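# Coordinates in review
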Amino acid sequence: MTTPMSVIPLLSNLKYNVISHKMPNNIEVEHIQIGKETLAQLFKLPQQMIDYLWERIDIAKKKNINLNEKLAGNISHMYKLEDPRDLVVQKLYNIVYNSVDNPKMFEFINMEIRNSYKRFGITNVILEPHLDDLWVNFQKKGEFQAIHSHSGTLSFVIWMDIPYHFKDETKSEQKGNFSFVASDDRSRRVNDYMIQMSPEMNGYCCFFPSDLPHQVYPFYTSDKDRISISGNISYHPKESNPPQVYQFPFHTSET
């Protein structure tokens, strides 16, 4: 869940470091280095996974489990999503937790896991990633998400339908973009690390540490909903009888 407190995209003109590389499955990954020790990654998801997520969105709308009262933000509709076959974490981790093809994020995630062990005083226990929360946001013209962070260890946002182009947005200097908010390591000043929004971002995922503050600025040039998915991942003790692992293609019944 969220706690109150943006190729493709170009980050703001602040001091950051972006390195791009392609994995063997032709997924291009961009590293977004924020400060000295914080890493986020940006990549486009396979079409099969996008199709699966649209299916889950359709089911969520029918079930109508509205999370507006539980989540931070000024957005009309936020619905709980279900992932009955545990496909989301499995497929995301094929990209981000890959020591051969994505060693930088692999090491960053290991660092976050080590911090979890220290924070909770855990010893002699194997921790595994679990999807704690998954929801879809329907953001209308003029709505926004104020600065907030998430629960869990790692989080992600997936942009499903961006119905406007940041270049057309003139009402706001931030132009409907998504941004991380962090200090510059030299002072207490806080800066925006902007990811610019446009229809070209449809199908892209940004993966980041859950406690990294971020926000979503309003847009004004479209009457369509801006649709995105958010999720939180925590590390729990390893199960003695893990669930069956499913592979592509993504297809589920309405249960």
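Residues numbered from 1 in each chain as written. Predicted model: local features only at pLDDT ≥ 70, side-chain atom pairs only at ≥ 80, totals over all residues. Heavy atoms only, no water.

## Remarks on the side chain of Ser-210
For the record, the criterion: To qualify as a helix, a DSSP run of H or I must reach at least 4 residues; to qualify as a strand, a run of E must reach at least 2; elements of each kind are numbered from the N terminus. Throughout, a residue-residue contact means that at least one pair of heavy atoms, one from each residue, lies within 4.5 Å.
Along the chain, Ser-210 turns up in the loop between β11 (204-209) and β12 (214-216). Leaving out residues up to four positions away in the same chain, Ser-210 has contacts with Ser-149, His-150, Ser-151, Gly-152, Thr-153, Leu-154 and Ser-155.

## Concerning the nonpolar core
Put simply, the test is: Here, the term nonpolar core denotes a set of buried Ala, Val, Leu, Ile, Met, Phe, Trp, Tyr and Cys residues that are joined through side-chain atoms within 4.5 Å. Remark: exposure states derive from per-residue accessible area (1.4 Å probe, protein chains only) relative to the maximum for the residue type, with buried under 20%, exposed over 50%, and partly exposed in between.
In this structure, Phe-43, Leu-45 and Phe-207 are the most contacted members of the largest nonpolar core, which totals 38 residues. Counting residues per element, the ones that place at least two in this core are β4 (38-44), α1 (47-63), α2 (87-96), α3 (103-120), β6 (127-139), β8 (154-161), β11 and β13 (226-237). The biggest single contributor to this core is α2, with 7 residues. Of all hydrophobic cores here, the second largest spans 21 residues; its members include Ala-182, Met-197, Tyr-204 and Val-216.

## Overview of the pattern of salt bridges
The cut-off we apply is this: Whenever Lys or Arg places a side-chain nitrogen within 4 Å of a carboxyl oxygen from Asp or Glu, that contact is recorded as a salt bridge.
This model, assessed by the stated rule, comprises 5 salt bridges. Salt-bridge contacts for Lys-63 lead to Glu-82; the nearest nitrogen and oxygen are separated by 2.8 Å. Taken together, the residues span a long stretch of sequence, with Lys-63 in helix α1 and Glu-82 in the loop between β5 (77-80) and α2 at a distance of 19 residues. Judged by relative accessible area, Glu-82 falls into the partly exposed class, the value being 27%. Two residues, Arg-114 and Glu-107, come together in a salt bridge whose shortest N-O distance is 2.9 Å. A residue is classified by how much of its surface remains accessible, and Arg-114, at 42% relative accessible area, is partly exposed.

## Things to note about α2
Within α2, 9 of the 10 residues are buried, which leaves the element mostly enclosed by the surrounding structure. Among all positions of α2, only Leu-87, Val-88, Val-89, Gln-90, Lys-91, Leu-92, Tyr-93, Ile-95 and Val-96 are buried.

## Things to note about the environment of Lys-171
Mapping Lys-171 onto the fold places it in the loop between β8 and β9 (178-183). Note: C-alpha distance between Lys-171 and Phe-219 (48 residues apart in sequence) is 8.2 Å.

## Here we look at the packing of aromatic side chains
Note the cut-off: Stacked, edge-to-face and tilted labels apply to pairs of Phe, Tyr and Trp rings (six-membered ring for Trp) whose centres lie within 6.5 Å, assigned for plane angles under 30 degrees, over 60, and everything in between, in that order.
Across all of its chains, the model carries 8 aromatic pairs by this definition. Relative to Phe-178, the ring of Trp-159 lies with its centre 5.5 Å away and its plane at 80°, an arrangement referred to as edge-to-face. In this pair, Trp-159 is assigned in strand β8 and Phe-178 in strand β9, connecting sequence segments 19 residues apart. Per residue, the accessibility class of Trp-159 equals that of Phe-178, and both read buried. Between Tyr-164 and Phe-219, the ring centres sit 4.5 Å apart and the planes meet at 15°, which makes this aromatic pair stacked.

## Quick look at the pairing of strand β10 (residues 190-195)
Threshold: Pairing between two strands is assigned when DSSP locates at least 2 bridges connecting them.
Burial analysis of β10 places 5 of its 6 residues in the buried class, which makes it a mostly covered element. Bridging between β9 and β10 involves 6 bridges; their strand directions are antiparallel. The partner of Ser-179 across the bridge, within β10, is Met-194.

## Comments concerning the pairing of strand β3 (residues 28-34)
In terms of burial, β3 is a largely internal element, 6 of the 7 residues being buried. When β3 meets β4, the two strands line up antiparallel, connected through 6 bridges. When the bridges of β4 are listed, Ile-34 appears paired with Thr-38. As consecutive antiparallel partners, β3 and β4 are separated by 3 residues, and within that stretch Gly-35 has a phi angle of approximately 70°, a positive value.

## Section: the confidence of the model for the protein
The following threshold applies: Note on scores: pLDDT gives the predictor's confidence for each residue, bounded by 0 and 100.
Summary statistics for the protein give a mean pLDDT of 81 and a share of 80% for residues scoring 70 or more. For the protein, strand β1 (residues 2-4) is the element with the lowest average pLDDT, namely 40, and β8 is the one with the highest, namely 97. Considering only residues more than four positions removed or in separate chains, one finds that residues 1-19, a stretch of pLDDT under 50, has 66 contacts. A low-confidence stretch, residues 242-255 stays under pLDDT 50, and its non-local contacts, those more than four residues away or across chains, total 32 contacts.

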